[in-house]
Amino acid sequence: MTQRDAMEASLIAAVPNLRAFANSLCGDPTRADDLVQDTLVKAWANLARFEEGSNLRAWLFTILRNTYFSELRKRRREVEDCDGVFADRVSVPPEQHAHMDLIDFKKAFASLSDEQKEVLLLVGAEGFSYEEAAEITGAAVGTVKSRVNRGRVALSKALGFEAEETLDPNAEFSGLVGLGRTNIRG
Amino acid sequence: MGAGRDPKRGDTVLLQTRPLPVELQGQIGKRLREVYSELVREPVPDRFVELLQRLKQQEDDEKGEAS
């Protein structure tokens with residue numbers, strides 16, 4: 001088997017995960033497959049720049065997310081940002097508290113920001129380390145950690161969990177609701 | 001929410017968010033992995049296998065012409 005054959009096999013082997021990632025990120029299967037296709041074409045064209053022995057999976061995810069975000073920036077320049085469309089669609093009735101399986105997890109996930117989605121997918125679903133996720137997203141490790149953290153909080157809220165009220169009535173988690181407010185020490 | 005979305009600035013400017021209770025983190029993580037692995041298990045459409053064969057073929061053709 002030539003080196004190219006081996007690379008072809010490795011790329012094919014990565015496709016299921018690339019598709020899952022693209023799909024979860026953009027929420028549109030057709031667009032997700034186009035993203036995966038673009039990723040494979042770019043990867044193949046840049047094989048010479050890929051260093052033998054380094055992390056192929058991380059490299060492919062980097063190409064995919066860069067492609068996604070640069071397309072997104074292009075679109076946003078063309079069309080007004082439609083923030084809030086998802087938020088309206090995914091509001092969860094309060095009586096569904098704590099029944100995570102009954103609530104559409106995917107809808108809740110779709111309500112997150114792209115930056116939160118991608119780190120939750122990379123770290124939480126793909127099992128990349130914070131350091132790898134930082135490299136893939138081009139962000140600092142601390143930024144990745146904070147995005148994961150805030151992504152989880154946003155996700156739990158979208159799923160109908162009000163951590164402060166229903167899980168722990170003590171002050172320990174009061175920070176959850178006071179997001180963005182200045183913490184005044186008494 | 002909009003202000004927090006700026007990928008360059010949003011994350012560092014906001015005050016620190018308290019982590020979720022460990023138990024809830026675990027539940028959410030488990031559900032995420034379940035949903036995600038369902039997607040990973042989807043069969044790969046032929047177009048991707050064909051695409052890579054085409055790319056490899058193209059390269060071989062170019063090499064053939066060059067020599």
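This structure is a prediction, so every number in the text was calculated from the model and none was measured.

**Digging into the overall build of chain B**
Looking only at helices and strands, chain B features three helices and zero strands. Going residue by residue from the N terminus, the α and β elements of chain B occur as α-α-α. Split into buried and exposed, the 67 residues of chain B put 10% on the buried side.

**Observations concerning the packing of helix α7 (residues 130–137) of chain A against helix α8 (residues 141–158) of chain A**
Residues and elements named next belong to chain A. Relative to each other, α7 and α8 sit at 105°, their axes nearing to 8 Å. It follows from the interaxial angle that α7 and α8 lie roughly perpendicular. Within the contact between the two elements, α7 uses Tyr130, Glu131, Ala133, Ala134 and Thr137 and α8 uses Val141, Val144 and Lys145. Looking at the contact of α7 with α8 residue by residue, the class counts come to five nonpolar, one polar and two charged.

**Some remarks on the environment of Val123(A)**
Residue and element names in this part refer to chain A. Of note, Val123 is situated in helix α6 (residues 114–125). Residue Val123 is classed as buried on the basis of its C-beta count, with 21 C-beta atoms lying within 10 Å. A sequence separation of 25 residues divides Val123 from Val148, and the C-alpha atoms of the two residues are 8.0 Å apart. Not counting chain neighbours up to four residues away, the residues in contact with Val123 comprise Phe128, Tyr130, Ala133 and Val148.

**Notes on the confidence of the model for chain A**
Predicted confidence across chain A gives a mean pLDDT of 80, with 73% of residues reaching 70 or more. Counting interchain partners and residues more than four positions distant, the pLDDT-below-50 stretch residues 84–98 of chain A has 22 contacts.

**Some remarks on α7(A)**
Considered for burial, the residues of α7(A) that qualify are Glu132(A), Ala133(A), Ala134(A), Ile136(A) and Thr137(A). Just past α7(A), the residue Gly138(A) takes up positive phi, approximately 70°.

**Description of the nonpolar core**
Among the nonpolar cores identified, the biggest contains 34 residues, and Leu18(A), Phe21(A), Ala22(A), Val36(A), Leu64(A), Leu122(A) and Ala133(A) are the most heavily contacted of them. Elements that contribute at least two residues to this core include exactly α1 (3–26), α2 (29–45), α3 (56–78), α6, α7 and α8 of chain A together with α3 (46–66) of chain B. Broken down by element, this core gets its largest block of residues, eight residues, from α1(A). No fewer than three residues from each of domain 1 (1–81) and domain 2 (82–186) of chain A sit in this core. The contact partners of Phe21(A), leaving out residues within four places of it in the chain, are Phe61(A), Leu64(A), Leu121(A) and Glu126(A). Formed by twelve residues, the second largest nonpolar core is a distinct cluster that contains Val153(A), Leu155(A), Phe161(A) and Ile28(B).

**Observations regarding the environment of Leu32(B)**
Inspection of the secondary structure puts Leu32(B) in helix α2 (residues 22–40). Taking the C-alpha atoms as reference points, Leu32(B) and Leu51(B), separated by 19 residues in sequence, lie 30 Å from one another. The residues contacting Leu32(B), other than those within four sequence positions of it, are Leu120(A), Gly124(A) and Ala125(A).

**Details of the environment of Asn17(A)**
For Asn17(A), the location among the structural elements is in helix α1. Separated by 40 residues in the primary sequence, Asn17(A) and Arg57(A) place their C-alpha atoms 9.2 Å from one another. For Asn17(A), the residues in contact, after removing those within four places along its chain, are Glu126(A) and Val40(B).

**Focus: the domain arrangement of chain A**
Interfaces are frequently sized by the accessible area removed from exposure as the parts join. According to the domain assignment, chain A consists of domain 1 (1–81) and domain 2 (82–186). Elements with a minimum of two residues in the side of domain 1 of chain A that touches domain 2 of chain A: α1 and α3 of chain A.

Calculation notes
Residues numbered from 1 in each chain as written. Chains lettered and ligands numbered in written order. Predicted model: local features only at pLDDT ≥ 70, side-chain atom pairs only at ≥ 80, totals over all residues. Helix = DSSP H or I, 4+ residues; strand = E, 2+ residues; numbered from the N terminus. Buried ≥ 20, exposed ≤ 12 C-beta atoms within 10 Å, placed from the backbone. Axes fitted to C-alpha atoms, helices over the stretch in contact; angles between N-to-C directions. Parallel < 35°, antiparallel > 145°, perpendicular 65-115°, else oblique. Contact = placed C-beta atoms within 7 Å. Nonpolar A, V, L, I, M, F, W, Y, C, P; charged D, E, K, R; others polar. pLDDT = per-residue confidence, 0-100. Core = buried A, V, L, I, M, F, W, Y, C linked by C-beta atoms within 7 Å. Domains from an automatic or database assignment.

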